[in-house]
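Below are the chains, spelled out letter by letter.
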Amino acid sequence: MIKVGIIGSTGYAGAELVRILLNHPDAKIVWYGSRSYVGSEYADIYGNMFELVDDKCLDDDMDALADAADVIFTATPQGYCASKVSEGLLTKTKIIDISADYRIKDAARYEEWYGIHHPTPEFLPEAVYGLPELNREMIKNARLIANPGCFPTCSILTIYPLIKAGIINPDTVIIDAKSGTTGAGRGAKVQNLYCEVNETIKAYGVAVHRHTPEIEDQLSIAAGRPILVQFTPHLVPMNRGILVTAYASLAKETSYEEVKAAYDAMYENEKFVRVLKKDKVAETRYVKGSNYADVGFKLDARTGRIVMMGAIDNVVKGAAGQAVQNMNIMFGLDEAEGLHMVPESI
């Protein structure tokens, strides 16, 4: 039985970790960490856990937690995990960080985009970018996982195969992405109040969104050289889900079969990536509550471009579900253990 500790268990990603891990046959949560709710009954914060979780919230003492847990999930704001990681900590436990602290390998680039100092850049080379479909073998032996962001997960899974196969010109990639409001976190912010987000849609972080360098770094690996992308996220009035619609110019005349073959070459043996049938488009409703990513595409012969489409649940495959997927790989379990959630239909 894997002993699990969660720092940030009362945020949306943390709460989703709790929901998933309670149904995991090989994991037991031993620490519900929450700086804001120390001493409170977890089920008083999330009523859906009434008579399911009897524990009280503990603090965020990572050193004490490392003695109690085999793996620690940090569902915390940027900067927290990086301020706590040490060699001593990593000799006692594994860490899966759901923040951005170790996703970007260049500390200066991280500091430029996130506006905070990186206190432990010496661990950046070791941290494994936890996208299983790309880095499964490295994840197996990792001590420190940088769990990918939600927008990057959906964008990378949607675009990566076509860059790798040389089907699209990577210098022409434009990503239009839309997210539900859980992506903004559970903290009280005026711009996230019901009346501020309902019956409207808006772009945000235009040309400066922090997930941009993360997407660029991973797609640059596919291209074999540095590339830049145009990434614009939007906030839509729904609780959860991400839809990516990406555009790129074709590098050569290409058939449907060639594009489909590129996706199949990467994903035909992947449990959680579903390549849609011809002319089917990805929808957030069909991945909601699950760890699946749906991807599809449409060739546009008129413009010589391709439209690539992907959908995930931002708090599952985009956060907690992917974190558990990484945990399973790290501990030699079936990768899908505890993640057999059928997507909701309504």
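The structure this text deals with has already been given above.
A short tour of the structure in this document, coming up. (Residues numbered from 1 in each chain as written. Predicted model: local features only at pLDDT ≥ 70, side-chain atom pairs only at ≥ 80, totals over all residues. Heavy atoms only, no water.)

## A closer look at the packing of aromatic side chains
For any pair of aromatic rings, geometry is given as the distance between the ring centres together with the angle between the planes. Condition: Stacked, edge-to-face and tilted labels apply to pairs of Phe, Tyr and Trp rings (six-membered ring for Trp) whose centres lie within 6.5 Å, assigned for plane angles under 30 degrees, over 60, and everything in between, in that order. Criterion for a charge above a ring: Lys NZ or Arg CZ within 6 Å of the ring centre, and within 35 degrees of the ring normal.
A complete count under the given rule lists seven aromatic pairs for this structure. Of the aromatic side chains, those joined through ring pairs into one cluster are Tyr 32, Tyr 42 and Tyr 46. Across the ring face of Tyr 292, the terminal group of Arg 274 is positioned such that the distance to the ring centre comes to 4.5 Å. Against the face of Tyr 256 rests Lys 278, its NZ or CZ located 4.9 Å from the ring centre.

## Observations concerning helix α8 (residues 150-164)
Put simply, the rule reads: The helix count covers DSSP runs of H or I at least four residues long, the strand count covers runs of E at least two residues long, and both are numbered beginning at the N terminus. What a helix should span is 1.5 Å times the count of its residues minus one. Bend is the name given here to the angle between axes fitted to two runs of seven residues, the run ending at a residue and the run starting at it.
Over its 15 residues, α8 runs 21 Å from end to end, which matches the ideal 21 Å to within 8%, given 1.5 Å per residue. The largest bend in α8 comes to about 35°, at Ile 156. Looking at the residues trailing α8, positive phi occurs at Gly 166, about 75°.

## Section: the pattern of salt bridges
Let me state the cut-off plainly: Any carboxyl oxygen of Asp or Glu within 4 Å of a side-chain nitrogen of Lys or Arg constitutes a salt bridge here. Whether a residue is buried, partly exposed or exposed follows from its accessible area with a 1.4 Å probe, protein chains only, as a fraction of its type maximum: under 20%, in between, or over 50%, in that order.
Under the counting rule described, the total for this entry stands at 20 salt bridges. Across the salt bridge formed by Lys 317 and Glu 133, the nearest N and O atoms sit 3.0 Å from each other. Of this pair, Lys 317 sits in helix α12 (residues 316-330) while Glu 133 is found in helix α7 (residues 132-140), placing the two residues 184 residues apart along the sequence. Residue classification places Glu 133 among the buried residues on the basis of a relative accessible area of 7%. Arg 136 is the salt-bridge partner of Glu 335, the closest N and O atoms lying 2.7 Å from each other. With Glu 335 in the segment after α12 and Arg 136 in helix α7, this residue pair connects regions lying 199 residues apart in the sequence. Residue Glu 335 is classed as buried on the basis of its relative accessible area, which comes to 17%. What makes Arg 136 partly exposed here is its relative accessible area of 22%. Connected via shared salt-bridge partners are Glu 16, Arg 19, Arg 240 and Asp 313.

## Notes on unusual backbone geometry
Unlike most non-glycine residues, Glu 51 shows phi in positive territory, near 65°. Structurally, the position occupied by Glu 51 is in the loop between α2 (42-45) and α3 (62-68). Glu 51 gets classed as exposed once you look at its relative accessible area, which sits at 65%. The backbone phi angle of Asp 279 is positive, close to 70°, even though this residue is not glycine. On the secondary structure map, Asp 279 appears in the loop between β11 (273-275) and β12 (293-300).

## Some thoughts on the pairing of strand β10 (residues 242-249)
Spelled out, the test is: For two strands to pair, DSSP has to find at least two bridges joining them.
Judged from the six bridges that link them, strand β7 (residues 174-179) and β10 form a sheet pairing that is antiparallel. Residue pairing in the sheet places Lys 178 in a bridge with Leu 243 of β10. Both β10 and strand β13 (residues 305-312) contribute to a ladder of eight bridges, which runs antiparallel. Residue Ala 246 lies in a different strand from β13, and its bridge partner there is Met 308.

## Considering the sheet that holds strand β4 (residues 94-97)
Within the open sheet, the six strands sit side by side as β2-β1-β3-β4-β6-β5. Their pairing is parallel. Two strands in the sheet have a free side with no partner beyond their single neighbour: β2 (27-33) and β5 (128-129). Bridge count for β5 against strand β6 (residues 144-146) is two bridges, and the pairing is parallel. Counted as the bridge partner of Tyr 129 is Ala 146 from β6.

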